[in-house]
Amino acid sequence: MRYVSTRGQAPTLDFSGVLLAGLAGDGGLYMPETWPEFSADDWRAMRGLSYPELAARVMAPFTAGSIDQDTLLGLCREAYAGFTHPATVPMVQLDRDLFAMELFHGPTLAFKDMAMQLLGRLFDHVLTQQDRRVTIVGATSGDTGSAAIEACRDRARLQVVILHPLGRTSAVQRRQMTTVLSPNIANLALEGTFDDCQDMVKAMFADAPFRDDMQLSAVNSINWARVAAQIPYYVAAALALGAPDREVSFAVPTGNFGNVFAAWAARRMGLPVARLAIGSNGNDILARFLAGNDMSMRPVTPSLSPSMDIQVSSNFERLLFELLDRDASLCAAIMTGFRQTGRMAVPDASWRQATTLFHGEALDDPATEAEIRRLHRETQYLADPHSAIGIAAARACALPGIPTVAMATAHPAKFPDAMLSATGLSPALPPHLADLFEREEHFRVVPNRLDAVQDAVRASVLKNAA
Ligand SMILES: Cc1ncc(COP(=O)(O)O)c(C=O)c1O
Ligand SMILES: N[C@@H](CCOP(=O)(O)O)C(=O)O
C-alpha cells in the first residue's frame, strides 16, 4: 500500500515510510492511496477471531508491501497480551440498543494504548530492519503522552519527547508521564494549551534542517499508523452486534478527530455503519461545524474532560480531503486559510455531505457531571467524563432500531475529582499504579516558544546519546 499527502506536495510512501515520517513533508497528513474494501463474506469470516487476529486481518492491507502478515500477527499478539480484560475490548450493554465498548484495559487506562502498544513494536521492528534511530516528538492533552511513554520506554532506537500543557491535565494523567524516569523519555510542560503543544510539534516538522537533524517522528494521530491501529475495534464491535448483516452506529468522544476518523475508515472499508455521533465538551468546534458549518476557533477553556480540550482537530483534514474528492490543492488552501483566519471555509456541499453521516453533541461541565450521575444511578455504570460525553452523544443521536456503540475511552480512576463530585465515589487505580502519587516526578517547564522547545528536544537527545 502507498500513501499520499492530503496536501499533494509530498512524495508517496509505503507503510514503513509513513510510520517513520509521521507528518508529510508538505504539512499534510498521509492517507492510503486507495481504500481497501472487505466484502460481506470477508467480514463474516472474521467472526470468532481473537482480538489480535482480527487486528492483524483488518490492518494487513495497510501494511502490505512493508510488513509481512505473520510478523504483523506476532506484533499484534504481543501488543494486546498485556491487556487486563480477556476480551481486550469488552462491551457493556447500557440499554436495549446502547452499548459501551471499553477501550481502557491497557497499561495506561485509556484508548490510546490500543494503537500505541502496537506502534511501539512497529517502530522497533522497522527501525531494526533499517538500522536507524528516531526522535519521537508528541503532543498530549493527557492520554497520548502516557500511552506513548509506556509503549516506547527503554527502547534503544527511540528517543521520546512529550509536550503537555502545563497544569491542564489531571494529576493522574500528568504523573503517569512524569514518573517514568527512563533515559529515553523526556517530559516538557509547555506554558500553553494542547493546541499550542500540537502546533509546536507541527512547527518542528516544518523546520526541515531540525527535522532531519533530529530524525523526527510522530506518535500522535497525525501518524497514519495510529489511525490504522484504531480501526479494528470498530470492526470487533460491529461484528459482535451482527454486522455485516446488521447496521450499527458509533458514538465517539472527540478531540483530535483521530478516533472517530478510524470509525469513518472502517465504514469506507465496507463496514455497515449508519451514523457517527461526535461528543464534545464546551470546546465544541466540531459540534458547531456539524450544526451550522461554523468551524471557527475560540479560546480553549479547561473542562472536566481535559483530553478533549482541543480546538484544532488535526484529523479533520483527512475527512476534508475525502469530502473534497481528494482535491489536495483545495484541501491545502482551506487548511492554510484556517490557520491564517481561525475559520475554516468548508464548501457548503462538503458540509452537507458530512452531516449525512456525522452528528454532533456538546456537553458543558454541568451536563457532563449530570450524565455521569444519571448513568451511575440508572445503570450502576461508572463512566469517566470523556466516555460519559460519548454515551450522551449516543443517546442524543440514536437511530431507531439500530444499535449504537459508545466508545468508553478512559478508565474513571484517571479523573478521580470529577468522579467524586458526580457520584461521591472515587474509583481506585489498579495495583500497577497504586503508588503513583508516591513516585518521583521529573519534567521541565518550557515557554511557549519554538526555539525553547527545540533547545529542550536537542538537549534530551544529546543527554541520552552521552
Ligand atoms: C480519554 C479520551 N477520550 C477522547 C479523546 C478524543 O479522541 P480523539 O483525539 O481521537 O478525537 C481523547 C484524546 O484524544 C482521550 O484521551
Ligand atoms: N487527547 C489526546 C490529544 C492527542 O490526540 P492524538 O490522538 O492525536 O494523539 C491526548 O490525550 O493526548
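Quick caveat: nothing in here was measured; it's all calculated off a predicted structure. (Residues numbered from 1 in each chain as written. Chains lettered and ligands numbered in written order. Predicted model: local features only at pLDDT ≥ 70, side-chain atom pairs only at ≥ 80, totals over all residues. Heavy atoms only, no water.)

Some thoughts on the sheet that holds strand 4 (residues 91-95)
Taking strand neighbours across the sheet as the criterion, the six strands line up as 4-5-13-10-11-12 in an open arrangement whose pairing is mixed. The two strands at the open ends of the sheet, each matched to only one other strand, are strand 4 and strand 12 (358-362). Within this sheet the neighbouring strands show an average axis-to-axis angle of 25°, counted without direction. Judged from the three bridges that link them, strand 10 (residues 248-253) and strand 13 (residues 404-408) form a sheet pairing that is parallel. From the neighbouring strand, Phe250 faces strand 13, where its bridge partner is Val405. Seen against the sheet, helix 18 (residues 385-397) touches strand 4, strand 5 (98-102), strand 10, strand 11 (273-280), strand 12 and strand 13 and runs at an angle of roughly 135° to strand 11. (Pairing = 2+ DSSP bridges. Helix = DSSP H or I, 4+ residues; strand = E, 2+ residues; numbered from the N terminus. Axes fitted to C-alpha atoms, helices over the stretch in contact; angles between N-to-C directions. Contact = heavy atoms within 4.5 Å.)

Thoughts on the UniProt feature "domain: Tryptophan synthase beta chain-like PALP" (unreviewed entry) in the protein
Annotation from UniProt places "domain: Tryptophan synthase beta chain-like PALP" (unreviewed entry) at residues 94-328. Across residues 94-328 one finds 42% helix and 18% strand; the C-alpha atoms that close the span lie 42 Å apart. (UniProt positions renumbered as here; feature names shortened; annotations may be inferred.)

Some remarks on the packing of aromatic side chains
Enumeration according to the criterion identifies 15 aromatic pairs in this entry. Judged by centre distance (6.5 Å) and plane angle (90°), the rings of Trp35 and Phe62 are edge-to-face. Pair noted here: Trp35 is in the loop between strand 3 (30-32) and helix 2 (40-45) and Phe62 is in helix 3 (residues 51-63), with a separation of 27 residues, a long-range link. On the basis of relative accessibility, which here comes to 0%, the residue Phe62 falls in the buried class. Look at Tyr233 and Tyr234: their rings are 5.1 Å apart centre to centre, the planes differ by 40°, and that puts the pair in the tilted class. Given the relative accessible area of 0%, Tyr233 is considered buried. (Phe/Tyr/Trp six-rings, centres within 6.5 Å; stacked < 30°, edge-to-face > 60°. Buried < 20%, exposed > 50% of the residue type's maximum accessible area, 1.4 Å probe, protein only.)

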